[in-house]
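Chain residues, written in single-letter form:
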Amino acid sequence: MTLAIISGSISFVQGGSAEEFCLPFVASSVYFFIKIINENDFRKKYLLINGAIAGCVSLIKFNLLGLWFIWMALYFFKLISLKEIKKAFISCVYFLVGMFIPIFISILYFVINGALRDYYDVYITFNLTAYSTTIDLKTRILNMFSAIFQQMKYNRTIYILLCLGFVNCLTTKILKNIWINIFILLSFIFLMIGVYIGGLPFIYYFLCFEAYIIFGFIFVFSIVQNYLSSQTLAICILCGGMIFSVHYPLKSPNRGYMNIPQSAYAQYIFKDIIDKSKNKTLLNYDNLDGGFYTTCNIVPNVKYFMRQNVGYDRYPQIIDGQREAIKNKEIEFVVIREYKDTIGYRKNIPYLNDNYKEIKKFKQLYEGMDFTYYLYCLK
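Everything quoted here is computed from the prediction, not taken from an experiment. (Residues numbered from 1 in each chain as written. Predicted model: local features only at pLDDT ≥ 70, side-chain atom pairs only at ≥ 80, totals over all residues. Heavy atoms only, no water.)

Enquirer: Help me understand the overall build of the protein, please; the structure alone is not making it clear to me.
Expert: In terms of helices and strands, the protein carries 15 helices and four strands. Counting only C-alpha atoms, the protein reaches 75 × 50 × 40 Å along its principal axes. For the protein, the proportion of its 379 residues judged to be buried stands at 41%. Partitioning the contacts of the protein with sequence separation of at least 6, the portion at a separation of at least 24 is 69%. When the accessible area of the protein is evaluated, it comes to approximately 20,400 Å², of which 62% is carbon and sulfur surface. The average position of the 37 basic charges and that of the 24 acidic charges among the side chains of the protein differ by 7 Å. (Helix = DSSP H or I, 4+ residues; strand = E, 2+ residues; numbered from the N terminus. Buried < 20%, exposed > 50% of the residue type's maximum accessible area, 1.4 Å probe, protein only. Contact = heavy atoms within 4.5 Å. Areas by Shrake-Rupley, 256 points an atom, 1.4 Å probe, with all protein chains shown as cover. Lys, Arg positive; Asp, Glu negative; His and termini not counted. Charge placed at Lys NZ, Arg CZ, Asp CG, Glu CD.)

Spelled out as structure tokens, the structure:
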């Protein structure tokens, strides 16, 4: 039922977001912590596994690491409370070793390919500076809480289940181990700080938080079991699971795109043209990756092959690099996308109309917006 609701969530939109890849890691580490505390099982393998998970997340989206900071901190203090002081400090080492393994593999890859500096500049420096908004701390905190509650209310079922889950933790009547309750609350809060303190509430950010709705289900079924027999409860859960599994995926924001033919997509229309070239190269100019590279089976040959959600004033290197590629005729095809606010801007792109000619125009509806795509070819 949890998976069904997530699949129908408005945050589960488009696909391919970093949060989507991190969601299983969030759910796994939450599960592992509860298992460790409930079973009083502090074996080193769990530290290595969850350290490795944290390492993977650090390579995907490092501002989600607040959850694993709390994970290890509470693990440490739990051992301290058991007077296992030496074991507590050794556990930190094992966790860090597990975390270092995927990071080391990643760094080794970039060292071998002579791209370590690019890796640092793009993933660390860029992400730390480009996306944050220049607002004071008080406003950041207010925006953070505003964003989290706004996104919770996009889906009423998720909002209710999250609230029930928190009630569950605060009352400690069902999840009776105080360490588990503290972990659930603090991990959610630290995850929220890492995600929303920057001040930008993109809709897909909330996806990782939806793993916590399972505690709402636990709360509901723990109450229901007081009034039903075990067999009746099992039947109710089975029927509920089947209903949720059908109903919520049908509410998915992606559902409307599932039966659209390829002929309705600019990506496939342009692919038929691009595929005729022997040495095809492509630039998706001044926009997020629109799937053109994947559809056309093209590995970009220029560094700045797309634009992130960052303005020119913050990181001019992207657009400047793309314009330089157009000026030097480094690519054969260029894709331009226009919307109502940018109609005609392709005519003013430096060097584009001097070096390239428009060969195809295609209008496409995307999430309620009428986009017009233009395909340019080298003269």
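Let's pick the thread back up.
Enquirer: Would you explain the sheet that holds strand β3 (residues 356-366) in this entry?
Expert: Think of a sheet as strands paired side by side through backbone hydrogen bonds, with each pair either parallel or antiparallel. If you trace the four strands from one edge of the open sheet to the other, you get β1-β2-β4-β3, paired in mixed fashion. Each edge of the open sheet carries a strand with a single partner, namely β1 (282-284) and β3. Each adjacent strand pair in this sheet contributes to an overall mean axis angle of 20 degrees, direction not counted. Here β3 pairs with strand β4 (residues 369-378) via 10 bridges, running antiparallel. Paired with Lys361 across the strands is Tyr374, a residue of β4. Where helix α12 (residues 266-274) meets the sheet, its contacts fall on β1, β2 (333-338), β3 and β4, and the angle it forms with β3 comes to roughly 155 degrees. Across the face of the sheet, helix α14 (residues 317-327) comes into contact with β1, β2 and β3 while running at roughly 145 degrees to β1. (Pairing = 2+ DSSP bridges. Axes fitted to C-alpha atoms, helices over the stretch in contact; angles between N-to-C directions.)

Enquirer: Whenever I open this one, unusual backbone geometry confuses me. Can you help?
Expert: Only a minority of non-glycine residues have a phi that is not negative, and only a minority of peptide bonds are not trans. The phi dihedral of Asp286 falls on the positive side, at around 55 degrees, and the residue is not glycine. Mapped onto the fold, Asp286 is located in the loop between β1 and α13 (292-296). The phi dihedral of Asn297 falls on the positive side, at around 55 degrees, and the residue is not glycine.

Enquirer: Quick question: what am I supposed to make of a nonpolar patch on the surface here?
Expert: Where nonpolar side chains cluster on the molecular surface, the patch consists of Leu48, Val93, Val97, Phe100, Ile101, Phe104, Ile105, Leu108 and Ile112 and spans about 840 Å² of accessible area. The residue Leu48 is located in helix α3 (residues 44-60) in this model. With relative accessibility at 32%, the residue Leu48 sits in the partly exposed group. (Patch = residues over 30% accessible without salt bridge, like charges linked within 9 Å, V, L, I, M, F, W, Y side chains within 5 Å. Salt bridge = Lys/Arg side-chain N within 4 Å of Asp/Glu carboxyl O.)

Enquirer: Just to check I follow, could you spell out the pairing of β2 for this structure?
Expert: Look at any regular strand and the pattern is simple: side chains alternate between the two faces of the sheet. Along β2, five of the six residues are buried, which leaves the element largely enclosed by surrounding structure. Here three bridges tie β1 to β2, and the two strands are oriented parallel to one another. Along β2, the bridge assignment pairs Leu283 with Val334. With six bridges joining them, β2 and β4 adopt antiparallel strand pairing. Paired with Ile336 across the bridge in β4 is Tyr374.

Enquirer: Please clarify how the nonpolar core should be interpreted in this entry.
Expert: Soluble globular proteins tend to bury their nonpolar side chains together. Counting residues in each nonpolar core, the largest one holds 58 residues, and the members touching the most others are Trp71, Leu162, Tyr196, Phe209 and Tyr212. Leave out the neighbours within four places in its chain, and Tyr196 touches Met144, Ala147, Ile148, Gln151, Pro201, Tyr205, Phe206 and Phe209. Of all hydrophobic cores here, the second largest spans 30 residues; its members include Tyr285, Ala325, Ile326 and Tyr374. (Core = buried A, V, L, I, M, F, W, Y, C linked by side-chain atoms within 4.5 Å.)

Enquirer: Quick question: what am I supposed to make of the packing of aromatic side chains here?
Expert: Centre-to-centre distance and the angle between the planes together describe a pair of aromatic rings. Applying the stated rule across the entire model yields 31 aromatic pairs. With 5.7 Å between their ring centres and 50 degrees between their planes, Phe32 and Tyr46 make a pair best called tilted. Of the two residues, Phe32 is situated in helix α2 (residues 18-39) and Tyr46 in helix α3; the sequence distance between them amounts to 14 residues. Each ring, one from Phe42 and one from Tyr75, has its centre 5.3 Å from the other, and the planes form 75 degrees; the classification is edge-to-face. Of this pair, Phe42 sits in the loop between α2 and α3 while Tyr75 sits in helix α4 (residues 66-81), and the two are 33 residues apart along the sequence. The class of Phe42 is buried, set by a relative accessible area of 8%. Taking the relative accessible area as the measure of exposure, Tyr75 reaches 0% and is therefore buried. (Phe/Tyr/Trp six-rings, centres within 6.5 Å; stacked < 30°, edge-to-face > 60°.)

Enquirer: I keep staring at the side chain of Gln364 and nothing clicks. Help me out?
Expert: Mapped onto the fold, Gln364 is located in strand β3. Looking at Gln364, its side chain comes within polar contact range of the main-chain nitrogen of Ala266, at 2.5 Å. Not counting the four nearest positions on each side in its chain, Gln364 is found in contact with Ala264, Tyr265, Ala266, Gln267, Met369, Asp370, Phe371 and Tyr373. (Polar contact = N/O pair within 3.5 Å; in protein donor to acceptor, adjacent residues only side chain to side chain.)

Enquirer: Looking at this model, I keep getting lost on α2. Mind explaining?
Expert: Note on helix geometry: an α-helix contains 3.6 residues per turn, so any two residues three or four positions apart are oriented the same way. Here α2 contains 22 residues, and its C-alpha end-to-end distance of 32 Å stays within 8% of the 32 Å for a straight helix at 1.5 Å per residue. All of the buried residues in α2 are Glu19, Cys22, Leu23, Val26, Ser29, Val30, Phe32, Phe33, Ile34, Ile36 and Ile37. Buried positions along α2 lie against α1 (2-7), α3, α4, α9 (178-196) and α10 (214-224). Among the residues trailing α2, Asn40 stands out with phi positive, at a value near 50 degrees. (Expected span 1.5 Å × (residues − 1).)

Enquirer: How should I be thinking about the pattern of salt bridges in this particular structure?
Expert: Oppositely charged side chains can form a pair if their charged atoms are brought close together. Evaluated as defined, the whole model comprises 10 salt bridges. In this structure, Asp275 engages Lys271 in a salt bridge whose closest nitrogen and oxygen atoms are separated by 2.6 Å. Taking the relative accessible area as the measure of exposure, Asp275 reaches 33% and is therefore partly exposed. The shortest N-O distance in the salt bridge between Glu358 and Arg346 comes to 3.6 Å. Of this pair, Glu358 sits in strand β3 while Arg346 sits in the loop between β2 and α15 (352-355), placing them 12 residues apart in sequence. Because the salt bridges share partners, they merge into one network encompassing Lys271, Asp275 and Lys280.

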